[in-house]
2 protein chains.
Amino acid sequence: MNAVPSTLLQQTDQLSESVTRPIPGSRKIHVEGSRPDLRVAMREIVQTRTPTLFGGEENPPITVYDPSGPYTDPDVTIDLAAGLAPLRARWIEERGDTEALPALSSMFGRGREHDPKLDHVRFPGRALPRVAKAGANVTQMHYARRGIVTPEMEYVAIRENQRLDLVRDALLRQQHPGEAFGAHIQQVITPEFVRDEIARGRAILPNNINHPESEPMIIGRNFLTKINANIGNSAVSSGIAEEVEKLVWSIRWGGDTVMDLSTGKHIHETREWIIRNSPVPIGTVPIYQALEKVDGRAEELTWEIFRDTLIEQAEQGVDYFTIHAGVLLRYVPLTAKRVTGIVSRGGSIMAKWCLAHHRESFLYTHFEDICEIMKAYDVAFSLGDGLRPGCIADANDAAQFGELETLGELTKIAWKHDIQTMIEGPGHVPMQLIKENMDKQLVECGEAPFYTLGPLTTDIAPGYDHITSAIGAAMIGWYGCAMLCYVTPKEHLGLPNREDVRDGIMAYKIAAHAADLAKGHPGAQVRDNALSKARFEFRWQDQFHLGLDPEKAEAFHDETLPKDAHKAAHFCSMCGPHFCSMKITQDVRDYAAGQGVEAAQAIEAGMAEKSAEFRAQGAEVYRPG
Amino acid sequence: MNAVPSTLLQQTDQLSESVTRPIPGSRKIHVEGSRPDLRVAMREIVQTRTPTLFGGEENPPITVYDPSGPYTDPDVTIDLAAGLAPLRARWIEERGDTEALPALSSMFGRGREHDPKLDHVRFPGRALPRVAKAGANVTQMHYARRGIVTPEMEYVAIRENQRLDLVRDALLRQQHPGEAFGAHIQQVITPEFVRDEIARGRAILPNNINHPESEPMIIGRNFLTKINANIGNSAVSSGIAEEVEKLVWSIRWGGDTVMDLSTGKHIHETREWIIRNSPVPIGTVPIYQALEKVDGRAEELTWEIFRDTLIEQAEQGVDYFTIHAGVLLRYVPLTAKRVTGIVSRGGSIMAKWCLAHHRESFLYTHFEDICEIMKAYDVAFSLGDGLRPGCIADANDAAQFGELETLGELTKIAWKHDIQTMIEGPGHVPMQLIKENMDKQLVECGEAPFYTLGPLTTDIAPGYDHITSAIGAAMIGWYGCAMLCYVTPKEHLGLPNREDVRDGIMAYKIAAHAADLAKGHPGAQVRDNALSKARFEFRWQDQFHLGLDPEKAEAFHDETLPKDAHKAAHFCSMCGPHFCSMKITQDVRDYAAGQGVEAAQAIEAGMAEKSAEFRAQGAEVYRPG
């Protein structure tokens, strides 16, 4: 510990305070599974009683999905320098197919470990990583295919159900029929269903054996739609403390996975801090770091350098790797006439390498070697769309769809090795071309989960691309996309700060939830119903608490009506005390109730008669004498 | 003039400076039509030359639709206390079917005019209004149906084309085929097409003869998708100067029409200031003001009070009235079991009135009397959806669709009087139920333009409802909705401030443009293509200028890389100087060009062969020796 300087520890101490304040109106709960160490974290939003004026009934607490981890648990003491508790360590050990390594396997990792110049940034006291025993395959897909339900699968099943069985109120339970476009939506998620989906390749449960701190989650179109938040520093910005803060901030607002896209210095150490403190799966794009190792000269990349990077990161605990193995030499010329060429960083690196060497990339030629590494740690593939369109004009072109077909071929190879695999998607796509992306992905990739960036539905709004893309994200989520990679307002312009991260996550939580509603996911509408009931009954605090961002909702309300008294007031801040449609509606309801049901029916019958009369007279407006 | 106190004049002076600064990189242009006083305002975005490295070519200026009016014209001196020049005054006079009134016709208007207590807020020096000569019908629909192309129609035709004929560059002209769902999208908009659409009732051109300051615009699904911004004070907020500022601010960012939803005091005077200074059509909900006249007691409303309010506002120049005439007594009980009852203010007022009097509202029973007023000033109907759903649970229910059917009947009556009519729509609707709204509206209302609020696709994001609703708005715009009423981040929570207005408008400009792209509106993609080309070529300033909000784009960029030098830098601010996909892509392109086309083709052929080989070997990954 003496190696870690006080500066970084102080910074990490500070941030742990600023981003872990309680979420207003919520409490952390844990639902126990089949064994006492299987405790599934959820968030429960407490509601107040309906005002007497409107009926005075109790309102049940609402359970919501909660990726924020121990940071929002008042019973847990956060020590970033120690990392989170290894929730899954025992489950991993129990399986008996892994062993602790005597030393790091990667050259690079070993070099960093003993470099005194890195003492001031190194994460203190990490245990040595684990690896599969010789010949073992430790992926969740491998267990699933052998019919084994792991504790991780059970965790996920409990988590996905969100205690929907406890919601009995008819008003809260009501939901419109969905349109699921062929998805197999379940009324209740069982551990067996989770296993079966993973076995079929229709879902992935990314959890590297070296990331035992992670709370299991699942990505697949028959489950809740997930979102990913990108963080990461670059040569021109950011430091370790700031990135860890962004991680905690991201999951606080609902990020289901986080990708660390760092490209600057201390990339290895930053990642270690992030993983040790992350309750959500962490993804990376290993080629970024590999490129740093050859000082940015793409053509000097080699399989050996890349392989060492994969092992380095796998032993740190990265849960999924974006690998741009579909960028084939023959697709590269197809991008030459595009408006924006190749915009994926990974894609452009590989394209440059392919052209420089005039042969297929080592990602493609060594794909099975990569598989061997993945299955020794249970790292999932996120097969990268290196040729995704960077503008509306380039959407759905030959290069993009050519690569997608190759990703489909690679998926089958990955599955041969029982490696969990998802597929990355575009990018920039106008609305009328979005569905074709989803449909083609399902066909080409055998229903492997789709994981898309946006898509952005227009190019003309720099500064607002969280919105241009939330539109496309909601639609492709509805059509079947399993995870939506967020876009922040800074996209195309700069690196997101904390508020940008929050804005991006909110836009994507909205998109994902809108998709779940449209698909008819069981219970998706409960929270909408509860919030709307609270809104109607002027339970302002409940409305704030049930929202995705209680803090902002309350702050906005207070800008107009800052007095506390107004939060119980029976009028909304838009219309003032004497002119509120909610209040008038309540009057109407009281009036109707006063008349009795018979009166209401009589009105209806009488009016139906008059209406018939009206139509009989040639639809002239009825006028009383 | 001496009646107007210096305080308000000073305020209006100040705001005229703060919201009229030039839009960066743009200049105002005017395209002349068939007569010298028909000069159609547009905005031209000037582009710089492509850097020599990337080809060095000239980039043409891009013309964009511009509702900002004279405020962004450096040749015009703005004097809010004098109002804008009456652009259409001569066209109206020339038609010879109107006459100047000797005095205001409404009781209320006359009372305000001579009340010395209002001297400090009254708009100075307005000329007396005009009205149709006895028996005349002065609506654009009436001219259209007689085969007359008005200067307003010609103005609209030129405006809608946005000088697309000048765009010759193949890269800029490229566009994906759209899916228009039965809309009649034209390659070129002719004045005759505008006339025909208005005659059929498929489009409206809202321009009251008493609002000659307005620049003609059209609302219909075969034209560009429009957006509306709501402004207005209430009992708890805002003043005249602030509302005028919001108007100018709204149109600066792209509001096509503005609704003044004021409910506070000085509602009459506020409206006068707004209309006199508005180059866009102004809509109102007259029942709000009528209710103020009876001190908020809905049941005391009468046809006489409402009639006087309509005339008062029509003579001020309001261009369209929201009239909730479809709230029938028989629909009211259908809302009693809703989660959020009746949320439309107008709808709840009328429902309360109907129940109190146990008969149909005066809006319904006097509908033809209302028509008589509308056609004397050319005020368009916006038939209000008083029973729109206020939450996801209440979407597409019997009350909502019952009212829509009644609005269809009323549309036919309005059309009998040649009154321009559009239909208001929801509200809160999950994605899978949106299309049904559009399809039903087209059928029930004979293709009259649909004008929707959102719809919001989930209830759970108070503070972010500009996003929940932009998703729905983009989709319904694609399906055929003609105008999208914006929602700001403050929806459900408070009154929007200036930044909220901007955020709301941006979200809706995005939705409308995404809809135009998806429909395949001719030329819709030009701006996307130009911006993406600029982005690819590192023409940062051009990228900012071509965006919907150049100021925010530049500010965001400067947060990361504030130095001016970086705006010409050949790397983007996300990745730093040595690691940029755009730069790498350019290298790839140069490399490919160096190899010559033959080489690229050879690569392709060679790879195709290898690919065939690969497949023949059972799709095992190709490995070099």
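- By the naming in an unreviewed UniProt entry, chain A goes by Phosphomethylpyrimidine synthase and is assigned to Luteimonas terrae.
- In the Function (unreviewed entry) part of its UniProt record, chain A is described as follows: "Catalyzes the synthesis of the hydroxymethylpyrimidine phosphate (HMP-P) moiety of thiamine from aminoimidazole ribotide (AIR) in a radical S-adenosyl-L-methionine (SAM)-dependent reaction."
- As stated in UniProt under Catalytic activity (unreviewed entry), the record for chain A gives "5-amino-1-(5-phospho-beta-D-ribosyl)imidazole + S-adenosyl-L-methionine = 4-amino-2-methyl-5-(phosphooxymethyl)pyrimidine + CO + 5'-deoxyadenosine + formate + L-methionine + 3 H(+)".

1. Looking at the overall build of chain A
- In terms of helices and strands, chain A carries 22 helices and 15 strands.
- A total of 625 residues make up chain A; the buried ones form 69% of that total.
- Look at the contacts in chain A between residues 6 or more apart in sequence, and 76% of them connect residues 24 or more apart.
- When the accessible area of chain A is evaluated, it comes to approximately 19,800 Å², of which 52% is carbon and sulfur surface.

2. Things to note about the pairing of strand β2 (residues 39–45) of chain A
Residues and elements named next belong to chain A.
- Across the seven residues that make up β2, a large majority, six, are buried.
- Of the strand pairs in this sheet, strand β1 (residues 26–32) and β2 are connected by seven bridges, and their pairing is antiparallel. Among the inter-strand pairings, V31 is bridged to a residue of β2, identified as V40.
- The turn linking β1 back onto β2 is made up of six residues.
- Two strands pair when backbone bridges link them, and β2 and strand β3 (residues 62–64) are joined in this way by three bridges, in the antiparallel orientation. Bridge pairing links E44 to T63 in β3.

3. Notes on the UniProt feature "domain: ThiC-associated" (unreviewed entry) in chain A
- Taking the UniProt record as the reference, the feature "domain: ThiC-associated" (unreviewed entry) is found at residues 22–99 of chain A.
- Taken end to end, residues 22–99 of chain A is 8% helix and 24% strand, and its two terminal C-alpha atoms sit 38 Å from one another.

4. Looking at the packing of helix α15 (residues 398–416) of chain B against helix α16 (residues 434–444) of chain B
Residue and element names in this part refer to chain B.
- At their nearest, the axes of α15 and α16 sit 9 Å apart, and the two run at 30° to each other. Comparing the axis directions of α15 and α16 gives the class roughly parallel. Helix-helix and strand crossings are classified by hand; for α15 and α16 the assignment is right-handed. Residues Q400, F401, L404, E405, G408 and K412 of α15 form the contact with α16, whose own contacting residues are E436, N437, K440, Q441 and E444.
- A class-by-class count of the residues in the contact of α15 with α16 yields two nonpolar, four polar and five charged.

5. Observations regarding the packing of aromatic side chains
- Summed over all chains, the structure comprises 26 aromatic pairs over all chains.
- Plain terms: the ring middles of W249 of chain A and W253 of chain A are 5.5 Å apart, the flat faces sit at 85° to each other, and that makes the pair edge-to-face. Pair noted here: W249 of chain A and W253 of chain A are both in helix α8 (residues 240–253), with a separation of four residues, about one helical turn. For the pair W249 of chain A and W253 of chain A, a shared accessibility class is recorded, and that class is buried.
- Taken together, a centroid distance of 4.8 Å and an interplanar angle of 15° make the contact between F367 of chain B and F381 of chain B stacked. Within this pair, whereas F367 of chain B is found in helix α14 (residues 367–377), its partner F381 of chain B is found in strand β12 (residues 380–383), the two being separated by 14 residues in sequence.
- Residue F367 of chain B is classed as buried on the basis of its relative accessible area, which comes to 0%.
- One aromatic cluster is present, formed by W303, F306, W353 and F362 of chain A through successive ring pairs.

6. Some points on the sheet that holds strand β1 (residues 26–32) of chain B
All names here are of chain B.
- The three strands lie next to each other as β1-β2-β3, forming an open sheet whose pairing is antiparallel. Only two strands of the sheet have a single partner each, and these edge strands are β1 and β3 (62–64). Sheet twist, expressed as the mean angle between neighbouring strand axes with direction ignored, is 40°.
- Lying on the sheet, helix α5 (residues 151–161) is in contact with β1 and β2 (39–45); it crosses β2 at an angle near 10°.

7. Examining the sheet that holds strand β13 (residues 421–425) of chain A
All names here are of chain A.
- Spatial strand order, β8-β9-β10-β11-β12-β13-β14-β15: eight strands in a closed barrel with parallel pairing. Averaged over neighbouring strand pairs, the angle between their axes works out to 25° when direction is ignored.
- Both strand β12 (residues 380–383) and β13 contribute to a ladder of three bridges, which runs parallel. Looking at β13, one finds that F381 is bridged to T421.
- Against the sheet, α8 contacts β8 (226–231), β9 (257–260) and β10 (282–284), and its axis sits at roughly 165° relative to β8.

8. Brief notes about the pattern of salt bridges
All names here are of chain A.
- By the definition in use, this model includes 96 salt bridges over all chains.
- Taking the shortest distance from any N to any O, the salt bridge between E372 and K375 comes out at 3.5 Å. Here E372 pairs with K375, and both are found in helix α14 (residues 367–377), just three residues apart, close to one helical turn.
- Classification of E372 by relative accessible area gives partly exposed; the value is 41%.

9. Comments concerning helix α15 (residues 398–416) of chain A
Residue and element names in this part refer to chain A.
- The end-to-end C-alpha separation of α15 is 27 Å, in line with the 27 Å expected for 19 residues at 1.5 Å each.
- For α15, the buried fraction is high: 15 of the 19 residues fall into the buried class.
- If you check the start of α15, you find a side-chain oxygen 3.3 Å away from the backbone N of A399, and it comes from D397.
- One or two steps after α15, the chain reaches D418, where phi turns positive at roughly 60°.

10. Details of the environment of D500 of chain A
Residue and element names in this part refer to chain A.
- With respect to the helices, strands and loops of the structure, D500 is situated in helix α18 (residues 498–519).
- For D500 and F193, which are 307 residues apart along the polypeptide, the C-alpha to C-alpha distance reads 37 Å.
- The residues contacting D500, other than those within four sequence positions of it, are T488, P489, K490 and L495.

11. Considering the pairing of β12 of chain A
Residues and elements named next belong to chain A.
- Every second residue of β12 is oriented toward a common face, with A380 and S382 on one face and F381 and L383 on the other, all of them buried.
- Bridge count for strand β11 (residues 320–323) against β12 is four bridges, and the pairing is parallel. When the bridges of β12 are listed, Y320 appears paired with A380.
- For the crossover that starts at β12, traverses α15 and ends in the parallel β13, the hand is right-handed.

12. Details of the environment of V429 of chain A
Residues and elements named next belong to chain A.
- Within the element layout of this structure, V429 appears in the loop between β13 and α16 (434–444).
- A relative accessible area of 0% places V429 in the buried class.
- When the C-alpha positions of V429 and L456 are compared, they lie 6.0 Å apart, and in sequence the two are 27 residues distant.
- If we ignore the near neighbours within four places in the chain, the residues touching V429 are I392, A395, N396, I434, N437, P455, L456 and T457.

13. A short note on the side chain of T63 of chain A
All names here are of chain A.
- Its location among the elements puts T63 in strand β3.
- Among the polar contacts listed, one links the side chain of T63 to the side chain of R163, at a separation of 3.2 Å.
- Here T63 is in contact with I29, M42, R43, E44, Q162 and R163, once residues within four sequence places are set aside.

14. As for the side chain of S106 of chain B
- By secondary structure assignment, the location of S106 of chain B is in the loop between β4 (98–100) and α3 (107–113).
- Filtering out sequence-adjacent residues up to four positions away, S106 of chain B remains in contact with D308, I311, E312 and E315 of chain B.

15. Considerations on the confidence of the model for chain A
Residues and elements named next belong to chain A.
- Model confidence for chain A is summarised by a mean pLDDT of 89, while 86% of its residues fall at 70 or above.
- Low pLDDT (under 50) marks residues 571–579, which in the prediction has 32 contacts with non-local residues, meaning those over four places away or in another chain.
- Confidence over residues 602–625 falls short of pLDDT 50; this stretch has 35 contacts with residues more than four positions distant or in other chains.
- Taken over the whole predicted complex, pTM reads 0.93, whereas the ipTM for its chain interfaces reads 0.93.

16. Looking at α5 of chain B
- For α5 of chain B, the buried fraction is high: ten of the eleven residues fall into the buried class.
- Those residues of α5 of chain B that sit buried are P151, E152, M153, E154, Y155, V156, A157, I158, R159 and E160 of chain B.

Definitions and limits used
One numbering rule holds for all chains: residues counted from 1, following each sequence as written. Lettering of chains starts at A and numbering of ligands starts at 1, both following the order in which they are written. Two thresholds apply to this predicted model, a pLDDT of at least 70 for residue-level local features and 80 or more for giving and counting side-chain atom pairs, whereas whole-chain, interface and lining totals are computed over all residues. In computing side-chain properties, one takes all heavy atoms of the structure into account and sets aside hydrogens as well as water. UniProt positions are given in the numbering used here, feature names are shortened, and annotations may be inferred rather than shown by experiment. Only DSSP runs of H or I reaching four residues or more are called helices, and only runs of E reaching two or more are called strands; each is numbered from the N terminus. The classification of residues rests on relative accessible area computed with a 1.4 Å probe and restricted to protein chains. Under 20% of the type maximum is buried, over 50% is exposed, and intermediate values are partly exposed. Whether two residues are in contact is decided by their heavy atoms: any pair within 4.5 Å suffices. Accessibility throughout is a Shrake-Rupley quantity obtained with a 1.4 Å probe, and a residue counts as covered only by protein chains that appear here. The pairing criterion for strands is at least two bridges between them, as found by DSSP. Here the axes come from fitting lines to C-alpha atoms, over the contacting stretch only for helices, and the angles between their N-to-C directions go from 0 to 180 degrees. Here is the rule for angles: anything less than 35 degrees is roughly parallel, anything more than 145 is roughly antiparallel, 65 through 115 is roughly perpendicular, and the remaining ranges are oblique. The hand of a helix crossing depends on one turn: near helix anticlockwise from the far one by less than a right angle means left-handed, and clockwise means right-handed. Just so you know the grouping, Ala, Val, Leu, Ile, Met, Phe, Trp, Tyr, Cys and Pro go in nonpolar, Asp, Glu, Lys and Arg go in charged, and all remaining residues, Gly too, go in polar. For Phe, Tyr and Trp, where Trp contributes only its six-membered ring, two rings pair if their centres lie within 6.5 Å, and the inter-plane angle classes them as stacked under 30 degrees, edge-to-face over 60, or tilted in between. Salt bridge, as used here: a side-chain nitrogen of Lys or Arg that lies within 4 Å of a carboxyl oxygen of Asp or Glu. The span expected for a helix works out to 1.5 Å for each residue beyond the first. N or O atoms within 3.5 Å of each other form a polar contact, as long as, within protein, one can give a hydrogen and the other can take it, and as long as residues adjacent in sequence are counted only when both atoms are side-chain atoms. Seen with its strands pointing away from the viewer, a crossover is right-handed when the path leading from the first strand over the helix to the second is clockwise. pLDDT gives the predictor's per-residue confidence on a scale running from 0 to 100.

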